[in-house]
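Tertiary structure, described
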There are 2 protein chains.
Amino acid sequence: MPATHTVNGVDLERLSATISAVTAEPSLARFEFRAGNQWLDGGHSRTTIKGFYGVGQEDTTRTEAFTVEADEPLVLLGRNQAPNAGEYLLQALAACVTGTVVYHAAARGITLDGLECTVHGDVDLQGFLDLDEGVRPGFEKIRVTMTATGDFDDEQLAELASLARFSPVRDSVSRPVPVSVDMVRG
Amino acid sequence: MPATHTVNGVDLERLSATISAVTAEPSLARFEFRAGNQWLDGGHSRTTIKGFYGVGQEDTTRTEAFTVEADEPLVLLGRNQAPNAGEYLLQALAACVTGTVVYHAAARGITLDGLECTVHGDVDLQGFLDLDEGVRPGFEKIRVTMTATGDFDDEQLAELASLARFSPVRDSVSRPVPVSVDMVRG
């Protein structure tokens, strides 16, 4: 056995070690992720992402914070400086189902040559604009289409498709997550 | 009245015109947003965001696509090249509640000097790792704390807090969105 056995770019020995550690001590699987947003002007804001808690400790490996800007398109009174929040939700979903399929495929020994996905989300802004109480502010439905390439048979293709059920963002969008919102005076 | 009346960076005349147009023709409020993701390696992927449909037509004002990378931290077998998908979900939520409060405050004539928010999300990766069927893959709960500064009274502060109910991403996370996932062979 080589010192490192990698499938789909995923180090299977480290993945196996992680699973063993979490099986022995389930509390290691508890993570807290965070994001801090600062409003700039109109629909333009900037989010900073750095620290998180997981595997029993604060992460210290990120030396720099990531910054992510959001804005609105012109028709939603923005200045086209960045994607809007709804598009970032679709991006989060896309990246999550991709990563989930890649990791779980690796664990099953299914090698992928390529994986792409497109996400489409329908929203009726009458909800956001408070023009119709019967219209929800959020997405009415979201469609994810994945295209996988590699040397796998049809049974494995069906298994790959089913792996999206483990995606944390897919689950967070498909099923309700309690979200509390507090506001204080600065 | 000045030619342009802006509150919180939001052009109130354009906002009013949008509301009038949608009230007259509700189908203008139907939007389709999109994201296209390409897997790079392991937990690393790149999403492209450009076109969308809304106000009865395809948008043509974005001349360049936005690209957004996602990766995983070291402890999740990534290389710290970008935030992960769960963090992007929190970022989308943060940007959305911020923008929603800013726009709706503007419509009510409440001027903000500043608005910040922090978002914390708890997830137990036993769900993602398929180690415990009783643990969901997604976030168990998310907490948003907003800090608003400006010349408003306590009644207006309470009103500001309530405006997050119109946030499309908050609604999409708090209440279930049907998500279909199809996979095809490339």
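By convention here, each chain's residues receive numbers from 1 onward along its written sequence. The order in which chains are written sets their letters, starting at A; the order in which ligands are written sets their numbers, starting at 1. In keeping with the predicted nature of the model, local features appear solely for residues at pLDDT of at least 70, side-chain atom pairs appear and are counted solely at 80 or more, and the whole-chain, interface and lining totals rest on all residues. As a convention, hydrogens and water are excluded, and side-chain values are obtained from all of the structure's heavy atoms.

Chain A is annotated in an unreviewed UniProt entry as Osmotically inducible protein C of Intrasporangium oryzae NRRL B-24470.

Observations regarding the relation of the copies chain A and chain B
Only residues with pLDDT of at least 70 in both copies count here: their C-alpha atoms drive the least-squares fit that superposes the copies. Of the transformation placing chain A onto chain B, the axial shift is 0.0 Å and the rotation is 180°, giving an RMSD of 0.0 Å. In the structure described here, the two chain copies are related by an operation that fits a two-fold rotation axis. Any two residues having at least one pair of non-hydrogen atoms within 4.5 Å are treated as being in contact. A high fraction, 100%, of the interface residues of chain A reappear at the interface in chain B, so the copies pair face to face through one surface.

Brief notes about the interface of chain A and chain B
Facing the 130 residues of chain A at the interface are 130 residues of chain B. Roughly 11,600 Å² is buried in total at the junction of chain A and chain B, and carbon and sulfur atoms are behind 62% of that figure. Here, a salt bridge means any Lys or Arg side-chain nitrogen found within 4 Å of an Asp or Glu carboxyl oxygen. Counting every contact that joins chain A to chain B gives 12 salt bridges. For the salt bridge of A:Arg30 with B:Glu140, the shortest nitrogen-to-oxygen distance reads 2.9 Å. Under the rule applied, a polar contact is a pair of N or O atoms within 3.5 Å (in protein, one hydrogen donor and one hydrogen acceptor; residues adjacent in sequence only if both atoms are side-chain atoms). Along the contact surface separating chain A from chain B lie 63 residue pairs in polar contact (both at pLDDT 80 or more). Ranked by residue count, the leading element in the side of chain A that touches chain B is helix α2 (residues 85–107) of chain A, at 18 residues. Each residue is assigned to one of three groups, with Ala, Val, Leu, Ile, Met, Phe, Trp, Tyr, Cys and Pro labelled nonpolar, Asp, Glu, Lys and Arg labelled charged, and all others, Gly among them, labelled polar. Tallied by class, the residues present in the side of chain A that touches chain B amount to 66 nonpolar, 37 polar and 27 charged. When DSSP locates at least two bridges between a pair of strands, those strands are taken to pair. Numbering of helices and strands starts at the N terminus; helices are DSSP runs of H or I of at least 4 residues and strands are runs of E of at least 2. Pairing analysis gives 7 bridges linking strand β10 (residues 179–185) of chain A to strand β9 (residues 139–149) of chain B, with the strands arranged parallel. Bridge pairing in β9(B) places A:Asp182 opposite B:Thr145. Throughout, buried area stands for the accessible area (probe radius 1.4 Å) lost by two parts on being put together, summed over both.

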